[in-house]
Each structure stands twice: as C-alpha cells, then as structure tokens.
Amino acid sequence: MPWYRKLHWQIIIGLVLGLVYGIVAAILGWGQFTSDWIAPFGTIFINLLKLIAVPLILASLITGVASLSDLRKLSRIGGKTIAIYMFTTLVALVIGLTIVNVLQPGKTVPPEMRAKLEATYEGDVQEREVLADVTKQRGPLQPLVDIVPENLFDSASSNRNMLQVVFFAIFAGVGLLMVPREKAEPLISFFDGLNALVIKLVELIMVTAPLGVFALLADTINSVARDNINEVGELLAALGYYCLAVILGLAIHGAVTYPVLLKLFTPVKLGRFFSGISPAQLVAFSTSSSGATLPVTMEVTEKNLGVSEEVSSFVLPLGATINMDGTALYQAIAAVFIAQTLGMGLDLAAQLTIVFTALLASIGTAAVPSAGIVMLVIILEAVGVPSQGIALILGVDRILDMLRTVVNVTGDATVATLVATTEDQLDLSVYGTAASVPTASSG
Ligand code: ASP
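Conventions adopted
Residues numbered from 1 in each chain as written. Predicted model: local features only at pLDDT ≥ 70, side-chain atom pairs only at ≥ 80, totals over all residues. Heavy atoms only, no water. Patch = residues over 30% accessible without salt bridge, like charges linked within 9 Å, V, L, I, M, F, W, Y side chains within 5 Å. Areas by Shrake-Rupley, 256 points an atom, 1.4 Å probe, with all protein chains shown as cover. Salt bridge = Lys/Arg side-chain N within 4 Å of Asp/Glu carboxyl O. Helix = DSSP H or I, 4+ residues; strand = E, 2+ residues; numbered from the N terminus. Buried < 20%, exposed > 50% of the residue type's maximum accessible area, 1.4 Å probe, protein only. Near = heavy atom within 4 Å. Polar contact = N/O pair within 3.5 Å; in protein donor to acceptor, adjacent residues only side chain to side chain. Nonpolar A, V, L, I, M, F, W, Y, C, P; charged D, E, K, R; others polar. Contact = heavy atoms within 4.5 Å. Expected span 1.5 Å × (residues − 1). Phe/Tyr/Trp six-rings, centres within 6.5 Å; stacked < 30°, edge-to-face > 60°. Lys NZ or Arg CZ within 6 Å of the ring centre and 35° of its normal. Bend = angle between axes of the 7 residues up to and from the residue. Core = buried A, V, L, I, M, F, W, Y, C linked by side-chain atoms within 4.5 Å.

(A) Main features of a nonpolar patch on the surface. Together, Val16, Leu19, Val20, Ile23, Val24, Ile27, Leu28, Trp30, Phe33 and Trp37 make up an exposed nonpolar region whose accessible area comes to about 950 Å². Those elements that place two or more of their residues in the nonpolar patch are α1 (7-28) and α2 (31-66). A total of seven residues in the nonpolar patch trace back to one element, the largest contributor, which is α1. With respect to the element layout, Val20 can be found in helix α1. A relative accessible area of 44% means that Val20 is categorised as partly exposed.

As structure tokens, this is what we get:
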C-alpha cells in the first residue's frame, strides 16, 4: 500500500494542514469563518468518539471480565496493572522533578511579564479555583465514594464519570462469572455483539479522522492566536523555557522510559510498536482527551500491537481513567516552576509532597481537556504555593495538554503490552515474528 494511504500518514497530513491553516487564518483574520465553517467538523469528530466511549467500556469490559476463567485471574491481572501504572507514574514524576530542578525555568520569567500574566488570567484562575475547592472540601474517602455510582445512566451521561462506568462494568462482569452459565450466556453474547458493533463504529469514525484532526487543529490554533498573534510570541518568549522543560520531560518519558520497559520485558519491536500506536497518539494530540481517544487506543492496541482483547479491554479503560503519566510529569514541573517564578523555594519534603499528591491527582484527573490544571491547584495548595500562580502558565496550557495526553495514551498502551506479555496474551504475528499462541485467552 502506498504510504499516503496509511491512516497515520493521512492523520499527520490533516494535522499539519490544520496547523498551517490555523496560522494563516489568524494572520488573515479568518477567525469567524473558521469557527463557523471549520470548527464544527472537529466537534463532530470528538462527539463521535465520545459517543461510543461509554458503550465501548461497558461492552468490552463486561465481556472481558466475564470471559476470564475465575476471579483469581481478575485480581492477578488487576493487581499487576495497577502496580505497573503506579510505577510508570512515579518514574514520570521523578523525571519531571529532576528536570525542573536542574533547568530552573522559573528563574527566567521577567517580573513585568509575571505581573502581566497574573493580571490577564485572573478570571480564569478564579474559575479553576472554584472547581478545585469543590474537590478539596470533600472528606478523605470521597474519591472512593465517587467511584461507585448511584445511577448508571447518570454516570454514563458524562465522560467525566468514566471511572464509575468502569466500576460498573467490572462489577457486572464479576457477577456474570458467578451466575450459572446458561443464565449468563445470553447476556454475554449480547455484550459480545455490542462489542463487535462498537469496534466497527470505531473503524468507520477513523475514516474521518484526517478531516476531524484538521478541523480540531485549525480551530485550536485559530482560537489561541486570533486577535493576539503578537502576544503569542511574547508569551512564548517568557514561557518558552518552561514549555521546553515540560516537552523535554515528556519526550524522555515517551522515548526512553517506555521503550526501555518494552525492550526489557516484552518481545515487541519498538518501530512496529510506535508506528502501530501512532493513530491513537495523533488523535490524543488533536483532542487533548485520553477518554475520547480510548476507542482508538483500544483498536490499535489490539490490531497493531497484538494485545489480546481480554487484556486490552481491562487494562485500557482503567488506564484512560487512572493512569496519566504525562499529566503527573507536567504537574510536577508546573508546580515547581510556579514556586520558582514566585521566588519560593521548595525543599525536599515539599517536593515529596508533590510526588504524593500528583500521584493521587493523576488518578483522580478526568480524561478530558485541561483537567490536569484543575488538579494542579490542589497540588499547589498542598505545598503552600498560592494557587493564583496557575495564571502564569494558563496561556500555554492548551499545547502542553495536547502533548501530555499523547504520553498518557502511550503509557496505557505500553502497560497493556507489558501485561499481555506476562499473561502470554500477545500475538507476535503482528510484528512479523512467529505467532505466539495466546494460551490463556480461553481460560
Ligand atoms: N487532557 C488530559 C487527558 O485527557 C488530562 C490533562 O492532563 O488535562 O489525558
């Protein structure tokens, strides 16, 4: 097949064209035209993905859990998955803290620029503080309570509540394992059918991905640069060093931590792994939402990376909601950067508090755009840095959100591959190597 017919190249072309168009539109003042005639296609693309995210989690996780032979296997896979997720997030945090302490990007922001940023984003800061306040005022066990929904339809109605849907699906899957087989069978085949349908829908939606990605990028660039293209330059000059620190951290985690883990513990070929996962990375970049990207992540992890459905249907929905390495890394850098800019030093104890709160925050962060910055308010308050400080970084948050979401999604796929390898559920034929027989799949 010629290269330009491959999906990831088509998406890359859409992305680059969207970028170029966005800049041209900002310069020529096509803002209104872009929001009226281009942006809606991006919204439709994201809506389509979100539309199938909940049915996908329900169908794939219920069938996934119900097809396990027993509950011991579920707790084994579950324990392993959560342990690896925590480990990779810790590594991300250590990378972030090391970089921000070595590079000290906060020392480079001129005081006038600091005052200006604080004034410009005052209103936005208040909005996020209110949101963070609501989160903070809850009891210590509230996050646990939040996982258990009182009404399934309520939780299914918002992508912010995805963890509740994950909970219900696992719960129902466990129940199905326990009821007599002949009673469970019709339900399992129903969800199996639903699963097949959703997978087909993902394929159909992905045909429109190049256009969707074009529209999303064009709109993002346009709304950032519209009317204030000069200010964007100024902003980048002041915050460029901070952005570089975040990008460097994300690049190290994505290009070193994950490949090392894959090389050490799995037989996959790295080139194949990264080209296989690239459609999901591109969608993550354009949508800034690992929740919306989940259907694509699942499709490519199974089809291109050879991870069995049993593993991917469990590991990926869980990962999309609780595993956010990119977000944690960014939060560590941002928190210390803000402290540095405000002239506050953070000692070792404060930095350890950042590690701990960021680890928990990344679990609690919803898989939607800009969720990370709301949680950042809580981290800042935990170490005594004024949360108004987020004003300093809001201006460049959108682009960093896109990049950290790519890392979040790559992390989920990496862990799925690791878990599949240890469970002997990785189909190596997709790598052009002798096929491994996924022995455990039938239980
Ligand atoms: N946008 C990120 C995600 O969905 C979360 C965040 O860091 O804001 O993965």
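(B) Representation of the site of the ligand. Around the ligand there are 15 residues in total, and Ser290, Thr327, Gly372, Asp401 and Arg404 lie nearest to it. Taking Thr327, its side chain carries an N or O atom lying 2.6 Å from an oxygen atom of the ligand. One of the backbone nitrogen or oxygen atoms of Gly372 is found 2.7 Å away from an oxygen atom of the ligand. In isolation the ligand offers 270 Å² of accessible surface; the protein chains occlude 100% of this area. Of all the secondary structure elements, the ones that give two or more residues to the shell around the ligand are α17 (371-382) and α19 (397-422). With four residues, α19 is the largest single contributor of residues to the shell around the ligand. When its residues are assigned to classes, the shell around the ligand shows five nonpolar, eight polar and two charged.

(C) Here's a closer look at the side chain of His8. Inspection of the secondary structure assignment puts His8 in helix α1. Overall, the relative accessible area of 17% leaves His8 in the buried class. Beyond its immediate sequence surroundings of up to four residues, His8 is in contact with Ser275, Ser278, Pro279 and Leu282.

(D) How the structure looks around α19. Compared with an ideal rise of 1.5 Å per residue, which puts 26 residues at 38 Å, α19 spans 37 Å between its outermost C-alpha atoms and is within 8% of the ideal. Judged by how many residues are buried, α19 sits mostly within the fold: 21 of 26 residues are covered.

(E) Inspection of the environment of Leu201 at higher detail. Position of Leu201 among the secondary structure elements: in helix α9 (residues 181-207). Judged by relative accessible area, which is 30%, Leu201 ranks as partly exposed. With 34 residues separating them along the chain, Leu201 and Phe167 place their C-alpha atoms 24 Å apart.

(F) The pattern of salt bridges, seen in detail. According to the stated counting rule, one finds nine salt bridges in the structure shown. In this structure, Glu423 and Lys80 form a salt bridge, with 2.5 Å as the shortest nitrogen-oxygen distance. On the criterion of sequence distance, the pair formed by Glu423 in the segment after α19 and Lys80 in helix α3 (residues 71-103) is long-range, its members being 343 residues apart. Lys303 is the salt-bridge partner of Glu299, the closest N and O atoms lying 3.9 Å from each other.

(G) Representation of the packing of aromatic side chains within the structure. On inspection of all chains with the given rule, the structure shows six aromatic pairs. On the basis of an interplanar angle of 40° and a centroid distance of 5.9 Å, the ring pair of Tyr21 and Trp30 is categorised as tilted. On the basis of relative accessibility, which here comes to 14%, the residue Tyr21 falls in the buried class. With a relative accessible area of 36%, Trp30 lands in the partly exposed category. Where Phe190 meets Phe191, the ring centres are 5.1 Å apart and the plane angle is 70°; that geometry is what we call edge-to-face. With a relative accessible area of 15%, Phe191 lands in the buried category. Chaining the aromatic ring pairs together yields one cluster made of Tyr21, Trp30 and Phe214. Above the face of the Tyr330 ring, Arg404 is positioned so that its terminal group lies 3.9 Å from the ring centre.

(H) Looking closely at α2. Here α2 spans 50 Å end to end across 36 residues, near enough to the 52 Å set by a 1.5 Å rise per residue. In the structure, α2 departs most strongly from a straight axis at Ala39, where the bend amounts to approximately 45° and where the proline Pro40 lies between one and four residues downstream.

(I) Main features of the nonpolar core. If you look at the biggest cluster of nonpolar residues, it comprises 74 residues, and the most contacted ones within it are Phe45, Phe273, Phe314 and Val315. The biggest single contributor to this core is α2, with 13 residues. Discounting chain neighbours no more than four positions away, the residues touching Phe314 are Leu61, Val65, Leu74, Ile77, Gly78, Thr81 and Ile170.

(J) Geometry of unusual backbone geometry. One non-glycine residue, Gln104, lies in positive phi territory at about 50°. Relative to the helices and strands, Gln104 resides in the loop between α3 and α4 (111-120). One non-glycine residue, Ser370, lies in the positive phi region at around 65°. Checked against the element boundaries, Ser370 lands in the loop between α16 (348-364) and α17.

(K) Broad picture of the environment of Val24. By secondary structure assignment, the location of Val24 is in helix α1. Residue classification places Val24 among the partly exposed positions, given a relative accessible area of 32%.

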